[in-house]
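Structural overview for review
Letter by letter, the chains look like this.
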Amino acid sequence: MTGLDVAFAAAGTVAAASAVLSVTTRHVVHAALWLVVSLGAVAGCYLVLGAEFVALVQVLIYVGAVVVLVLFALMLTRAPIGPNEEVSASPLHRALAAVLAAGVTALLAAVLVPLARVVGAVRRGGPGTTGLGEQLFGTWVWPFEALSVLLLAALVAALAVAGMARGRGAGEP
Amino acid sequence: MSPAVEVLVRTVAVLAAFLVLPLLVGQTEHKVMAHMQGRLGPMYAGGFHGWAQLVADGVKFAQKEDVTPAAADRPVFRLAPAVGLVPYLVALAAVPLSPGLVGADAPASAVLVLAATAVGILGTLMAGWASANKYSLLGAMRAAAQLLSYELPLVLAVASVCLAAGSLSLTAIAGAWSPWWLLWQLPGAFVFLVAAVAELQRPPFDMPVADSELVFGAYTEYTGLRFAFFLLAEYAGIVLMSLLFAVLYLGGWKGPLSGDLGWLWTLLKGFVVSVLVIWMRVAWPRLREDQLQRLAWLGLVPLALLQLALTGVWVVATA
Amino acid sequence: MTEAAKGSRAAGIPGLVRGLAATARTLARPTHTSEYPDAPPSLPPRSRGVIALLAENCTSCMLCARECPDWCIYIDSHKETVPATTPGGRDRQRNVLDRFAIDFSLCMYCGICVEVCPFDALFWSPEFEYAELDIRELLHERDRLGQWMATVPPPPALDERSADPAEVSALGKPARAPRAPRQAAAEEGQA
Ligand code: SF4
Ligand code: SF4
């Protein structure tokens, strides 16, 4: 076990544990805050693996923007202090979610665990920022562009939906 | 020097800068603001022109009772000041004063600084929500709305500089700087300055802590040291943004005698920028919430995109 | 956007520049602050700081105590008989002041007592630094009130075009017609 192994394991454990807490807690805002911890720990994993840029973008986008947006939406609607029973799911939902999660975990494990055996101990490395850029805008440029078009379409659609709702609201007497 | 000792020395140096520079900016604000309003400002603490006023304030804050409201969400409430403060410490460590003088030389330090400041917002949000006070909550919501809108132009402006320098490292960006950037990156610099002041929630963008409407926004319920931490975070934010502006747009350590005194140039330029930030506070009234959003989305974002396009075209054309 | 908002936008940039210029100009000028405990304040004439008592003039007539709106002047006196100075003359009675105190925790500085005193025994002094830690100390007894006399400034000169003081204008008036002799009046009364 190298130091990197330990660091990776620690970051991974924190990520997994806070993810579990984020799903099980009854406090809506706490769930969002646990999500912050989880995403941060994932960024830590990237960092241990030497993908510094990815880690920083993870923090910048997910912690700095996405979770802030989630928190903002929560506060704007309803975020009481203390446990909130309304948000808990029914037993059926829980069972289904557990099965689904177990299935995804099994799938990922089946793919990744053999890989881990090949790679062995955790190594720093990876392409670095320059390499990442070259990969992204070289090999992967079409998926990248397709994704951005998808996001753009979603954005326009969201705008259209909001506009429609407002139009209806104005049309009502 | 063994690595452990070096890490220790660097940490202590960054910590010292983190504690001293905000005090300097704070004292400058006291004095500059006072004289801009025809007053003298603090005159007694410490003897000479009240230089120790902020130290005295710190002692006062340390003596005060640390109150947590009964209805508050205790753990979140108590954690919030740390979440608000630590990111600025991390970010300050990555800002270079001269090519060799930097707390932690990260390869992608520009992104690191932006990411760290983005995390700092969470502290305000947590504070506002956990205080169980409607003014705090309103303040936090305004803060969230404002920071989300100004984050984008800020990142775009920095991206333009990174593109121009061809690097994500602040040291390399300042190294690639030439006086010609002052003109070429002017729109970007303007966007950065405005967005940075807005990120710091400083007047004229202090809607989230508008005292006449929200008492003190998200920090209303805080007392004692925790409150002092939020204040320190604000002034550390000014230091950070000013230094960042100096490094990104003013060439950092470039100037006469920059061989040995480069760090002084960076500090000096940063100081000038922070005086500008203070000046804006004194001279201009607060923006309304809708004006804030309008300025961000209709003014700064298009301008930043324009700058980005301009930089891109130039870089490709000269490559 | 409304028309008004457009107008304010047009006025925006020059307004911002003017704001910066105004603050910069103020920064360059000397400040207006006078550092009070170190530099004495310049008070206007007739400042009302504290009331001084010239006990020699006071006849214990009690006018001030009765006119004071919050009854914060305390006067004790007794009568003394002054033996006649000339043989066969009448003994006279005189008021002697035992106590004269003003409670400045109640006083509202209306100045009625100073105005009403017919014998010029009360004066305004501009001294104002007599705050106390205990409110009871604000009851100034006769000695303390007397000490304030030293700080009473000479009366300021009259304004340039003000009316003459009563004494001066009295001089210019024609003399009154002499009174009818007492004898005649007494006789008339008898008739
Ligand atoms: S100033 Fe007014 S209130 Fe004060 S003692 Fe004289 S009459 Fe009374
Ligand atoms: S009105 Fe004047 S003379 Fe009469 S009691 Fe008061 S101070 Fe004395």
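Given the structure is predicted, the values throughout are model-derived calculations rather than measurements.

A separate point is the interface of chain B and chain A. The extent of an interface is frequently quoted as the accessible surface area lost upon association of the parts. Listed per partner, the contact involves 29 residues of chain B and 23 residues of chain A. For the pair chain B and chain A, the interface holds zero salt bridges. For the interface between chain B and chain A, the tally reads one residue pair in polar contact (both at pLDDT 80 or more). Counting residues per element, the ones that place at least two in the side of chain B that touches chain A are α4 (109–130) and α5 (134–165) of chain B.

A few words on the domain arrangement of chain A. With domains assigned, chain A is organised as domain 1 (1–83), domain 2 (92–125) and domain 3 (128–173). Distance from the C-alpha centre of domain 1 of chain A to the C-alpha centre of domain 3 of chain A: 24 Å.

Counting residues in each nonpolar core, the largest one holds 119 residues, and the members touching the most others are B:Tyr150, B:Leu170, B:Ile173, B:Phe192 and B:Leu248. Sorting elements by how many residues they give to this core places helix α10 (residues 224–249) of chain B first, with 17 residues. Sequence-distant contacts of B:Tyr150, that is, excluding residues within four places in its chain, are made with B:Val194, B:Ala195, B:Ala198, B:Glu199, B:Phe205, B:Leu292, B:Leu295, B:Ala296 and B:Leu300. Core analysis: the next-biggest nonpolar cluster, separate from the first, contains 26 residues, C:Cys58, C:Cys64, C:Phe100 and C:Leu145 among them.

Time to look at unusual backbone geometry. A cis geometry characterises the amide bond from B:Pro203 onward to B:Pro204, with omega recorded as 5 degrees. Position of B:Pro204 relative to the elements: it lies in the loop between α8 (186–199) and α9 (211–214). At B:Gln201, a position not held by glycine, the phi torsion is positive, near 55 degrees. Position of B:Gln201 among the secondary structure elements: in the loop between α8 and α9. Residue classification places B:Gln201 among the buried residues on the basis of a relative accessible area of 8%. Even without being a glycine, C:Arg46 presents a positive backbone phi close to 65 degrees. By secondary structure assignment, the location of C:Arg46 is in the loop between α2 (12–28) and β1 (50–53). A residue is classified by how much of its surface remains accessible, and C:Arg46, at 59% relative accessible area, is exposed.

Turning our attention to the side chain of C:His140. Within the secondary structure layout, C:His140 lies in strand β5 (residues 139–140). Among all residues touching C:His140, those that are not within four sequence positions of it are C:Val50, C:Phe100, C:Ala101, C:Ile102, C:Phe104, C:Tyr130, C:Leu145 and C:Trp148.

For the rest of this paragraph, the subject is the arrangement of the chains. In this assembly, two pairs of chains are in contact, and the pair contributing the most contacts is chains A and B. Between chain A and chain C there is no contact; the minimum C-alpha to C-alpha separation amounts to 18 Å.

Our focus in this paragraph is the packing of aromatic side chains. A full pass over the atoms with the stated rule returns 17 aromatic pairs over all chains. Between A:Phe137 and A:Phe144 the ring centres are 5.1 Å apart and the planes differ by 70 degrees, which places this aromatic pair in the edge-to-face class. Judged by relative accessible area, which is 52%, A:Phe137 ranks as exposed. Judged by centre distance (5.9 Å) and plane angle (35 degrees), the ring pair of B:Phe192 and B:Phe245 falls under tilted. In this pair, B:Phe192 is assigned in helix α8 and B:Phe245 in helix α10, connecting sequence segments 53 residues apart. Each member of the pair, B:Phe192 together with B:Phe245, is buried. Ring pairing ties together the aromatic residues B:Phe61, B:Phe77, B:Phe216, B:Tyr219, B:Tyr222, B:Phe227 and B:Phe230, which thus form one cluster. Above the plane of the ring of B:Tyr135 lies B:Lys134, whose end atom (NZ or CZ) is 5.9 Å from the centre. Seen from the ring of B:Trp177, B:Lys269 lies directly overhead, with NZ or CZ sitting 5.7 Å from the centre.

A separate point is the site of ligand 1. Residue and element names in this part refer to chain C. The local shell around ligand 1 holds 13 residues, among which Cys68, Cys107, Cys110, Gly111 and Cys113 are the closest. Structurally, ligand 1 is housed in the largest cavity. For the shell around ligand 1, a count of residues per class yields eleven nonpolar, one polar and one charged.

What follows deals with the site of ligand 2. Residues and elements named next belong to chain C. If you check the shell around ligand 2, you find 14 residues, and the closest are Cys58, Cys61, Met62, Cys64 and Cys117. More than half of the atoms of ligand 2 fall within 2 Å of the grid points belonging to the second largest cavity. Classifying every residue of the shell around ligand 2 gives twelve nonpolar, two polar and no charged.

Take the interface of chain B and chain C next. Opposite the 14 residues of chain B that make contact, chain C presents 15 residues. Counting across the interface, chain B meets chain C through zero salt bridges. Here chain B and chain C share six residue pairs in polar contact (both at pLDDT 80 or more) between them. When contributions to the side of chain B that touches chain C are tallied by element, the ones reaching two or more residues are α1 (3–36) and α11 (258–283) of chain B. Among the residues making up the side of chain B that touches chain C, the classes are represented as nine nonpolar, three polar and two charged.

Calculation criteria
Residues numbered from 1 in each chain as written. Chains lettered and ligands numbered in written order. Predicted model: local features only at pLDDT ≥ 70, side-chain atom pairs only at ≥ 80, totals over all residues. Heavy atoms only, no water. Contact = heavy atoms within 4.5 Å. Salt bridge = Lys/Arg side-chain N within 4 Å of Asp/Glu carboxyl O. Polar contact = N/O pair within 3.5 Å; in protein donor to acceptor, adjacent residues only side chain to side chain. Helix = DSSP H or I, 4+ residues; strand = E, 2+ residues; numbered from the N terminus. Domains from an automatic or database assignment. Core = buried A, V, L, I, M, F, W, Y, C linked by side-chain atoms within 4.5 Å. Buried < 20%, exposed > 50% of the residue type's maximum accessible area, 1.4 Å probe, protein only. Phe/Tyr/Trp six-rings, centres within 6.5 Å; stacked < 30°, edge-to-face > 60°. Lys NZ or Arg CZ within 6 Å of the ring centre and 35° of its normal. Near = heavy atom within 4 Å. 1 Å grid on protein atoms, 1.4 Å probe; cavity = no way out; pocket = protein on both sides within 12 Å on 5 of 7 lines; lining within 4 Å. Sits in = over half its atoms within 2 Å of the grid points. Nonpolar A, V, L, I, M, F, W, Y, C, P; charged D, E, K, R; others polar.

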